[in-house]
Amino acid sequence: MQRIKSFVLGMLVLFALWVAIAGTDRDELVAGFLIALLISWIFRRNFELLGELRLNPQALLRIPVYLALFLRELVKSSLDVARRVLSPSLPINPGIVKVRTKLQSKLGRIILANSITLTPGTMTVETRGEYLYIHWIDTQCEDVEAATRSIVHCFEQHLEVIFG
Amino acid sequence: MIAFIGSLICLAGSVFLLLGALGLLRMPDVYNRMQAGTKATTLGSLLTLLGIGIAQPAWLLKLLILVIFILLTNPISSNVLVRAAHFKGVKLTEKTVRDNLKDDQEKGGDGD
């Protein structure tokens, strides 16, 4: 069941990409469908990650919420970098801290690590199981729990609903 | 008018790209440089693509695909570079307050 779900999801994504690039001509649709089918069959092992996406309405509703949060944080983080780079004293206080995530799914952890990299002052250096090592440009706390609260929590609560 | 708004957004994107480049020059070590590089260039390229999309609405869908690829691949490439730098033993700047990853590596060998 999980395999069929990830296969179909992977195929839909590939097919949507094809349509977006090639247009909705009938021949293009047929060719795109066949190629999406072939590629997602060849790479079926790699696509198994996609099966971790939950498809209930609650999770689907959270995806736009998460995207909005992510875009807001991305803009904030760029402004933050701009401020630090432009100020003459170069206000940085860097350090590598360790945080823990509650997320169990691989895909959820990947998305979390990537989101952390693109948010203000933090960048994922290494992941080991449920621990993430984060380079923090302005280290405020060194304790695992406190750092987890201030870096991971705002994303985790949404990702937990979407991926588990 | 639309072309003008598009150009303004492109300009904003270029400003962020410039700030990213400035960050590469000013930051003291690899890790901080990657921070400046990744974040400012991600938003910079997004805004530039968005600006082009507004000026040329016919391209919007294809530009959106570019945006998705940039959002997915940019953080991964920076993560891989930083991880490699840390394992190779590139020093953190003297301002650094703590390095939990190094502590854990010394404690438990290869970790886990």
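Model, not experiment: these values are computed from the prediction.

> Help me out: how do you make sense of the interface of chain A and chain B in this one?
Interface size is commonly expressed as the accessible surface area that is lost when the partners come together. Of the residues lining the interface, 42 residues belong to chain A; the matching set on chain B comes to 46 residues. Of the roughly 3,800 Å² buried where chain A meets chain B, counting both sides, 67% is carbon and sulfur surface. It is Val-85, Ile-96 and Arg-128 of chain A in chain A that bury the most area against chain B; as a group they hold 17% of the surface buried on that side. In this structure, the connection of chain A to chain B is made through 1 salt bridge. Residues Glu-126 of chain A and Arg-83 of chain B are paired through a salt bridge, measuring 2.5 Å at the closest nitrogen-oxygen approach. Connecting chain A to chain B are 12 residue pairs in polar contact (both at pLDDT 80 or more). At 11 residues, the largest contribution of residues to the side of chain A that touches chain B is made by helix α3 (residues 57-86) of chain A. Of the residues that constitute the side of chain A that touches chain B, the class distribution is 23 nonpolar, 14 polar and 5 charged.

> Which parts of the structure should I look at to understand the domain arrangement of chain A?
Taken as a whole, chain A is organised into domain 1 (2-52) and domain 2 (57-162). With centres defined by C-alpha atoms, the gap from domain 1 of chain A to domain 2 of chain A works out at 31 Å.

> How should I be thinking about the pattern of salt bridges in this particular structure?
Two side chains that carry opposite charge are able to pair once their charged atoms sit near each other. All names here are of chain A. As enumerated under the stated definition, the model contains 9 salt bridges over all chains in all. The closest approach of N and O atoms between Arg-84 and Asp-80, which form a salt bridge, is 3.2 Å. You can see Arg-84 and its partner Asp-80 sitting in helix α3, 4 residues apart, about one turn around the helix. The residues Arg-84 and Asp-80 share a single accessibility class, namely buried.

> What is the right way to look at the environment of Ala-16 of chain A in this model?
Within the secondary structure, Ala-16 of chain A sits in helix α1 (residues 2-22). Residues Ala-16 of chain A and Ala-36 of chain A lie 20 residues apart in sequence; the distance between their C-alpha atoms is 9.4 Å.

> I tried to follow the layout of surface pockets on my own but got confused; where do I start?
Rolled over the atoms, a probe as big as a water molecule pinpoints where empty space is left. The volume enclosed by the largest pocket comes to roughly 1,900 Å³. Those elements that place two or more of their residues in the lining of the largest pocket are α1, α3, α4 (106-117) and α6 (153-162) of chain A together with α2 (30-55) and α3 (60-88) of chain B. Per-element tally for the lining of the largest pocket: the top contributor is α3 of chain B, with 13 residues. Looking at the lining of the largest pocket residue by residue, the classes come out as 44 nonpolar, 6 polar and no charged. Quantified by volume, the second largest pocket comes out at close to 250 Å³. Surrounding the second largest pocket, 15 residues form its lining, Lys-106, Arg-109, Ile-110, Ala-113 and Thr-127 of chain A being those nearest its centre. Taken together, the elements giving at least two residues each to the lining of the second largest pocket come down to α4 and β2 (122-128) of chain A together with α3 of chain B. Here the element with the most residues in the lining of the second largest pocket is α4 of chain A; it accounts for 6 residues. Of the residues belonging to the lining of the second largest pocket, the class tally is 5 nonpolar, 6 polar and 4 charged.

> I'm lost on α6 of chain A in this one. Help?
Owing to its 3.6 residues per turn, the α-helix brings residues three or four apart onto one side. Among the residues of α6 of chain A, those classed as buried are Phe-155, Glu-156, His-158, Leu-159, Val-161 and Ile-162 of chain A. Those residues of α6 of chain A that are buried are in contact with α3, β1 (95-100), α4 and α5 (144-151) of chain A.

> Explain unusual backbone geometry here, please?
It is generally the case that most residues other than glycine have a negative phi and that most peptide bonds are trans. A positive phi angle, near 50°, is found at Leu-90 of chain A, a position not held by glycine. Its location among the elements puts Leu-90 of chain A in the loop between α3 and β1.

> What's the story with the sheet that holds strand β3 (residues 131-136) of chain A in this structure? I'm lost.
In a beta sheet, neighbouring strands are held together by backbone hydrogen bonds and run either parallel or antiparallel to one another. Residues and elements named next belong to chain A. Spatially, the 3 strands line up as an open sheet ordered β1-β3-β2, and their pairing is antiparallel. The open sheet terminates on both sides in strands that have one partner only, identified here as β1 and β2. Across this sheet, the average inter-strand angle for adjacent strands is 30°, counted without regard to direction. Lying over the sheet, α4 contacts β2 and β3, oriented at roughly 150° with respect to β2.

> Explanation requested: the side chain of His-135 of chain A in the structure shown.
Checked against the element boundaries, His-135 of chain A lands in strand β3. For His-135 of chain A, a relative accessible area of 0% corresponds to the buried category. Side-chain polar atoms of His-135 of chain A contact the side chain of Gln-35 of chain B, separated by 3.0 Å. Ignoring anything within four residues of it in the chain, the contact list for His-135 of chain A reads Pro-94, Gly-95, Ile-96, Gly-121, Thr-122, Met-123 and Val-125 of chain A together with Tyr-31, Asn-32, Gln-35 and Leu-92 of chain B.

Procedures and definitions
- Residues numbered from 1 in each chain as written.
- Chains lettered and ligands numbered in written order.
- Predicted model: local features only at pLDDT ≥ 70, side-chain atom pairs only at ≥ 80, totals over all residues.
- Heavy atoms only, no water.
- Contact = heavy atoms within 4.5 Å.
- Buried area = accessible area lost by both parts, 1.4 Å probe.
- Salt bridge = Lys/Arg side-chain N within 4 Å of Asp/Glu carboxyl O.
- Polar contact = N/O pair within 3.5 Å; in protein donor to acceptor, adjacent residues only side chain to side chain.
- Helix = DSSP H or I, 4+ residues; strand = E, 2+ residues; numbered from the N terminus.
- Nonpolar A, V, L, I, M, F, W, Y, C, P; charged D, E, K, R; others polar.
- Domains from an automatic or database assignment.
- Buried < 20%, exposed > 50% of the residue type's maximum accessible area, 1.4 Å probe, protein only.
- 1 Å grid on protein atoms, 1.4 Å probe; cavity = no way out; pocket = protein on both sides within 12 Å on 5 of 7 lines; lining within 4 Å.
- Points joined across faces, edges and corners; volume = space filled by probe spheres on them.
- Pairing = 2+ DSSP bridges.
- Axes fitted to C-alpha atoms, helices over the stretch in contact; angles between N-to-C directions.

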